[in-house]
Structure formats: C-alpha cells, structure tokens
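Per-entry structural report
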Amino acid sequence: MPQVHPNFVAGEWIEGSDVTANINPSNTNDVVGYYARGSATDLNNAVAAAKAAFPAWSRTTPQIRCDLLKKASDEILARKDELGRLLSREEGKTLAEGIGEVARAGQIFAFHAGECLRLGGEAMASVRPGVGVEITREPVGIVGLITPWNFPIAIPAWKIAPALAWGNCVIIKPADLVPGSAWALSDILVRAGLPAGVLNLVMGRGSVVGQALLEHPDVNAVSFTGSVATGRKVAAACIASSPMKRIQLEMGGKNPLVVLDDANLDVAVEAAINGAFFSTGQRCTASSRFIVQDGIHDRFVAACVNRLKVLAVDDALKSHTHIGPVVDQGQLDQDLAYIRIAGDEGGKLAFGGEILTRETPGYYLAPALFTETTNDMRISREEVFGPVANVVRVKSYDEALEISNDTAFGLSSGICTTSLRFATHFRRNSEAGMVMVNLPTAGVDYHVPFGGRKGSSYGSREQGAYAKEFYSSVKTAYTFA
Ligand code: NAD
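So, how was this worked out
- Residues numbered from 1 in each chain as written.
- Predicted model: local features only at pLDDT ≥ 70, side-chain atom pairs only at ≥ 80, totals over all residues.
- Heavy atoms only, no water.
- Helix = DSSP H or I, 4+ residues; strand = E, 2+ residues; numbered from the N terminus.
- Buried < 20%, exposed > 50% of the residue type's maximum accessible area, 1.4 Å probe, protein only.
- Contact = heavy atoms within 4.5 Å.
- Areas by Shrake-Rupley, 256 points an atom, 1.4 Å probe, with all protein chains shown as cover.
- Lys, Arg positive; Asp, Glu negative; His and termini not counted.
- Charge placed at Lys NZ, Arg CZ, Asp CG, Glu CD.
- Phe/Tyr/Trp six-rings, centres within 6.5 Å; stacked < 30°, edge-to-face > 60°.
- Lys NZ or Arg CZ within 6 Å of the ring centre and 35° of its normal.

1. Examining the overall build of the protein chain
- A count of helical and extended segments in the protein chain gives 15 helices and 21 strands.
- If one aligns the C-alpha atoms of the protein chain with their principal axes, the spans along those axes are about 70 × 70 × 40 Å.
- Burial analysis of the protein chain (481 residues in total) assigns 58% to the buried set.
- Intrachain contacts of the protein chain at a sequence separation of at least 6 include 74% that bridge at least 24 residues.
- A total of about 18,700 Å² of accessible surface is found on the protein chain, and carbon and sulfur atoms cover 53% of it.
- In the protein chain, 45 side chains carry a positive charge and 50 a negative one; their mean positions are 4 Å apart.

The structure is reproduced here in structure tokens:
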C-alpha cells in the first residue's frame, strides 16, 4: 500500500474514508502522491475541534500569531524550489511559475505576520455628553475556506494567513484535483506550532466535504474561490443555514485587453501573450478577449502569431517550457469544445488549437488565437479557462470601452495605449475590480486588494489590509463614565 497523505483534524493526522491519486498532467503515468479524501464526519470533527480551540486562540497575543506566521513564511520561502516543483507537477504550470507562486505564498504569510501587529481600532467622540465610542475588530470565529485547483498554494495562503492573523480557526478544503500543495502548506503551519484545532485540513470532494462545511451551523464564514456555478451553490447554502454565514466569493472572468492604435506594439503583444496564455491560460484574471483598434489590428495579430510560434508547450518541469499542459482531461475537453464553438460561430483560427504529442502522455494543447470574432459570440461571453483567446476588432476607443464592459464578469481589465487621456478614462470607466495599463490583466501584487465586480465576485475584497473586512467583525462599544 503506498503512503497516503492524511487529513489533519483536531491536532492529528487522520486517514480518510477514501483515497485519491494526484496525477501529473505533464505525464499521466506519474503519480505525484496519494491523498486522503475526507467524509462529512471528518468535517464535523474538524468543526468541533475548531470550536474548542477558538476561545484560547482568539485571545492569543498578536506577537504569538505574528511569530507563527513568520515561521511558516520562512519555511515556505526556504523550500520554494522543492514546493514549486511539487506544485508544477500536480497542476502543470511551468517550474518558474510554480516556484513564483510558492514564493508569493511565503510573502503573503510574511505580510500577514506584520498585519498581526497592526490590528487597531478607532476611538470616536459620541454625539451624547459623557459617552465615549470605541470601534474594535474581533475574529469572526470558525471560517471555512474552499479553494480551486489553479493556484494550489497561493489561494490557500491568501485565505489562511489573514484568517489566522485575525484570530480565527480554520477549516481548509482544497481542490480535490491538486491536494499536494495545500497538504504541504498545512504541514508547515502545523509544525510552526499552531495549537490543535486552529487549522484543520479536510481534503476531498466538494459535494461531500464542501457541502458538509456549508451546512454546518457552527461555521461562521465561508471564503470560496472557484466557478460561478459552484459559487452560487455556496452562497445559497450559506444564506439558507441558520445562523446565516458570512460569505466571500471569487469566481470567473472574461477579462478584456484593449489595444489602441497608439499602443507600443511590443508592450501590447507581451501583455496579450502573457495575460492570455501563460499559466496555460488557467487564471481567473487571464485576458481572453483582445479588443483591438482597426489601425493596429493586423500588425498586432501578426506579432502575436509570431510570438506564439516560438513558445514551447511541453512538460511543466522542462527548462525550455513556456506553457505547461492543461490540468486534466475534463478541462482539455472544455477547451476543445470552445475551440469548436468559436470556429462554428465564424471565428477564424489564426493559430494553434490542436492537441500536441510530447515525450510523455499529458494534456498538451497548442495555445489558440481566434480573429474575426464579435462580442456577442459565446467565445467572447463565456469563460473557457484555458489557453484560448479571441480578437474583436473595433473602430474607436469609445467602442473598445463599451465592448470591454459588455460582459457578465468584472474581475480584471487592461488597456495598452500611450495616451494619458485614454488610460485615465479607461481606469475610471472600466467596470472591473482591477484595471491594468500597459500590463497583462493577470499578475497582481499580494499587498493590495484583489477582487472583481458583477458576476466575478461577491462580498469584500481579498488580500492586503483589505482582507480584514472579511476575517474580522466590527464591534462598536459605548461607555458612559
Ligand atoms: P470549482 O467551482 O469546480 O471548485 C472550486 C472548489 O469548490 C473546489 O474545492 C471544489 O471541490 C469545491 N466544490 C465543488 N462543489 C462544491 C459544493 N457543492 N459545495 C462546496 N464546495 C464545492 O472551480 P475549479 O474548477 O476548481 O476552479 C476554476 C474556477 O475558479 C474558474 O471559474 C476560475 O475563474 C475560478 N477562479 C477564480 C479566482 C478568483 O479569485 N476570482 C481565482 C482562481 C480561480
């Protein structure tokens, strides 16, 4: 029997009721490891342990929490090459991207270690004589964290770190497809010295572990990142539960990159290729709609195709690889379905879109670029979540802005231009939570707010100091003395 990575519940590593094999998408013969799948009972035990741990943990000094998070950060950063390799092996992003993501997780823990020492409040004068008003923040309680497969360590990190910094107890349920990085992160946190019950890792299926978490009355808040369809279920279950749970949802995107006639062509092509195709296009912030003005359109398309021709799609761990494989067969099927749909709708395939064969069996797809598309086609409206982008040709800046906002989503948007006037106008009028000028729509800092509008997000922002809006509860105290 191979070694199985267990769940961590109530201060102990425990076997699950089932086991899943974590498969390397660059080489499906390679099993990254075996991981426990928890049951509803495991989840209930985790919540009971978190509840028991909460009174003491929520009253620990900021210094204790700061030291713990800093210790975790130091180990993550010291092991970034090894953990980056694990991440790339289980998810398929390139080794450089995997190491970069692990480093980011380490920086997130360092940032929130610092935040522990900045937990402040406000004192206000009352409108009534002799009364003082104090506004403080307290932990929310037991928070459930549900994460997707595309950032296997950064997303668990950017939810766990602020949750712990603010004195909450945590149940983390990572994506069933990529449990390895979240397991390694939990192991680091446990060894950093978290008391039993403060952090519980329950790996397994969304429909089993995730659902039990949403239904448990003692879970006070749920932070979810994933698809819109699952997000809706999460919200409905959290509102139906009694008491209702606080929710934070980060979901899909259909992020536009506007390229104006006056753009620097090299900057625009770099932003487009990086934003759409790096990390195999599997980023919620990926640019998937290029909205390109007439005068630069043909040069932009030709330069993108030339750039795509020299990008190596191969095993994520090989040093020459620019784009790793798609994460699994289901996602590959979805990408291919959208490539067919785009063609059927009248889009012209300017590059790629075919399955590639490499040394090892894996889910290799040539990045696909469509031209001659319009914004009402499905390829412009629905999230593909793969290395697929389409170009919509426009006549003017005004038309570009209108089309970029004509979407159900609102996560990230970008514009490439050398005009201060257009850049400023776009920043102010783009209906997205994050706006990029002469930069890819994907790739953000870890110390500033992250999140979107419209169908992309629900609830308060993640990351940076803004994370406190979700992970703390405001108390207003009046004193007459
Ligand atoms: P998904 O919705 O299928 O799964 C996300 C998580 O929810 C997984 O852990 C899954 O097990 C769990 N889950 C599934 N059913 C559940 C249920 N009934 N109850 C509770 N939990 C359940 O998403 P995915 O395929 O893992 O990730 C891809 C999606 O994530 C894309 O739409 C992408 O845009 C989005 N995403 C968004 C952001 C963001 O910050 N906006 C970041 C990364 C990914």
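2. Regarding the packing of aromatic side chains
- Taken as a whole and judged by the stated rule, the model has 7 aromatic pairs.
- When the centroid spacing of 5.3 Å and the interplanar angle of 45° are considered together, the rings of tryptophan 158 and phenylalanine 450 count as tilted. Within this pair, whereas tryptophan 158 is found in helix H5 (residues 154-165), its partner phenylalanine 450 is found in the loop between strand E19 (434-437) and strand E20 (457-458), the two being separated by 292 residues in sequence. Pair check on accessibility: tryptophan 158 and phenylalanine 450 agree, each one buried.
- Between phenylalanine 470 and tyrosine 471 the ring centres are 4.9 Å apart and the planes differ by 85°, which places this aromatic pair in the edge-to-face class.
- For phenylalanine 470, a relative accessible area of 1% corresponds to the buried category.
- Given the relative accessible area of 1%, tyrosine 471 is considered buried.
- Every member of this aromatic cluster is reached through a ring pair, and the members are Phe8, Trp13 and Trp183.
- One cation-aromatic arrangement involves arginine 421 over phenylalanine 422; the distance from NZ or CZ to the ring centre is 4.8 Å.

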